[in-house]
Amino acid sequence: MIKNIEKKDVPQCTDLIRKSFITVAEEFNITPENAPKFTAFSITESKLNNQLKSKNRIMRGYFHENKIIGYYALERLQNGVCELNNLCVHPDFRQKGIGEELIFDASSVAENSKFLKIQIGIVEENQILRKWYEAHGFVHTGTKKFDFFPFNCGYMEKVL
């Protein structure tokens, strides 16, 4: 079941995001030394609690047997645009359609919230993830290289 995140859920969400994003870090040789701002290393309960308090975020979790095994957030930007952040599935539950349920939920929530477009940033070198988002209606819009990351950031969007 997918539902809104509450304050009591934040520790589980923080742990899930770390566990999920560390697999990406390992696959692409991203470390705390070469990318301290990468999600796996920079997410904290304090940061998520602040995001939860913000009126600019919608935070949702996939609950299974009272545990959160999937997560995403939508951040309200300007001009009817939102950004999809931290969509993730616990590594033990991948390849079971949970990510797909989360992306469908995110699209539905965004549409019901009157957003016109969803944007997302990914590790550009992660071609499997890029193809997955493309299969779910996202279009690649460009890349950018930041000095604080050892990878390129890819940008995608989906018009609702």
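K.L.:
Hey, could you run me through the sheet that holds strand 6 (residues 139–145) in this one?
P.N.:
Strand pairing in a sheet relies on backbone hydrogen bonds. The paired strands run either parallel or antiparallel. With mixed pairing, seven strands are arranged side by side in an open sheet as 1-2-3-4-5-7-6. The strands lining the two open edges of the sheet, one partner per strand, are strand 1 (2–4) and strand 6. Each strand of the sheet is rotated relative to its neighbour by a mean of 30°, with strand direction disregarded. Two elements, strand 2 (residues 57–64) and strand 3 (residues 67–76), share eight bridges in a ladder whose sense is antiparallel. Within the sheet, the bridge partner assigned to Tyr 62 lies in strand 3 and is Gly 70.

K.L.:
Can you help me understand the packing of helix 1 (residues 10–27) against helix 3 (residues 45–53) in this one?
P.N.:
Relative placement of two packed helices is described by the angle separating their axes and the distance separating the axes. One can describe the packing of helix 1 onto helix 3 by two numbers: an axis separation of 9 Å at closest approach and a directional angle of 120°. If you check the angle between helix 1 and helix 3, you find them oblique. Here helix 1 and helix 3 pass one another in a crossing that is right-handed. Across the interface between the two elements, Val 10, Pro 11, Cys 13, Thr 14 and Ile 17 of helix 1 pack against Glu 45, Leu 48, Asn 49 and Leu 52 of helix 3.

K.L.:
Just checking my understanding: could you explain the side chain of Asn 126 for this structure?
P.N.:
For Asn 126, the position within the fold is in the loop between strand 5 (117–123) and helix 5 (127–135). Not counting residues up to four positions away in its chain, the partners in contact with Asn 126 are Val 24 and Phe 28.

K.L.:
What is the right way to read unusual backbone geometry from this model?
P.N.:
Glycine aside, residues mostly have negative phi, and peptide bonds are mostly found in the trans state. Of note, Asn 29 is a non-glycine position whose phi angle comes to about 55°, a positive value. With respect to the helices and strands, Asn 29 occurs in the loop between helix 1 and helix 2 (39–42). Although it is not a glycine, Gln 95 sits at a positive phi angle of roughly 65°. Mapped onto the fold, Gln 95 is located in the loop between strand 4 (81–89) and helix 4 (98–112).

K.L.:
Quick question: what am I supposed to make of the packing of aromatic side chains here?
P.N.:
Here the distance between the centres and the angle between the planes together describe a pair of aromatic rings. All told, the structure shown has eight aromatic pairs when counted by the stated rule. Judged by centre distance (6.1 Å) and plane angle (65°), the ring pair of Phe 21 and Phe 38 falls under edge-to-face. Of this pair, Phe 21 sits in helix 1 while Phe 38 sits in the loop between helix 1 and helix 2, and the two are 17 residues apart along the sequence. Just as Phe 21 is buried, Phe 38 falls in that class too. Measuring from ring centre to ring centre gives 6.1 Å for Phe 38 and Phe 41, while their planes differ by 55°; the resulting arrangement is tilted. Looking at Phe 38, the relative accessible area reads 5%, which means it is buried. Members of the aromatic cluster, each reached through a chain of ring pairs, are Phe 21, Phe 38, Phe 41, Phe 146, Phe 148, Phe 149 and Phe 151.

K.L.:
Please clarify how the side chain of Asn 49 should be interpreted in this entry.
P.N.:
Residue position: Asn 49 is located in helix 3. When its relative accessible area of 15% is taken as the criterion, Asn 49 is described as buried. Filtering out sequence-adjacent residues up to four positions away, Asn 49 remains in contact with Lys 7 and Val 10.

The rules behind these values
In this numbering scheme, every chain counts its residues from 1 along its sequence in written order. Given that the model is predicted, a residue must reach a pLDDT of at least 70 before its local features are reported, and side-chain atom pairs must reach 80 or more before they are shown or counted; all residues, however, enter totals for whole chains, interfaces and linings. Water and hydrogen atoms play no part in the side-chain values, which are based on all heavy atoms of the structure. Strands were regarded as paired on the criterion that DSSP finds at least two bridges between them. The helix count covers DSSP runs of H or I at least four residues long, the strand count covers runs of E at least two residues long, and both are numbered beginning at the N terminus. Axis definition: a line fitted to C-alpha atoms, over the contacting stretch in the case of helices. Angles run 0 to 180 degrees between N-to-C directions. To sort the angles, those under 35 degrees are grouped as roughly parallel, those over 145 as roughly antiparallel, those from 65 to 115 as roughly perpendicular, and the leftovers as oblique. The handedness criterion is simple: a crossing whose near helix is rotated anticlockwise from the far helix by less than a right angle is left-handed, and one whose near helix is rotated clockwise is right-handed. Note on contacts: a residue pair is in contact if any heavy atoms of the two residues lie within 4.5 Å. Each Phe, Tyr or Trp ring, with Trp reduced to its six-membered ring, pairs with another whose centre is within 6.5 Å; inter-plane angles below 30 degrees give stacked pairs, above 60 give edge-to-face pairs, and intermediate values give tilted ones. Partly exposed describes any residue whose relative accessible area lies between the buried limit of under 20% and the exposed limit of over 50%, with all areas from a 1.4 Å probe on protein chains only and scaled to the type maximum.

None of the figures reported here should be taken as evidence of function without further support.
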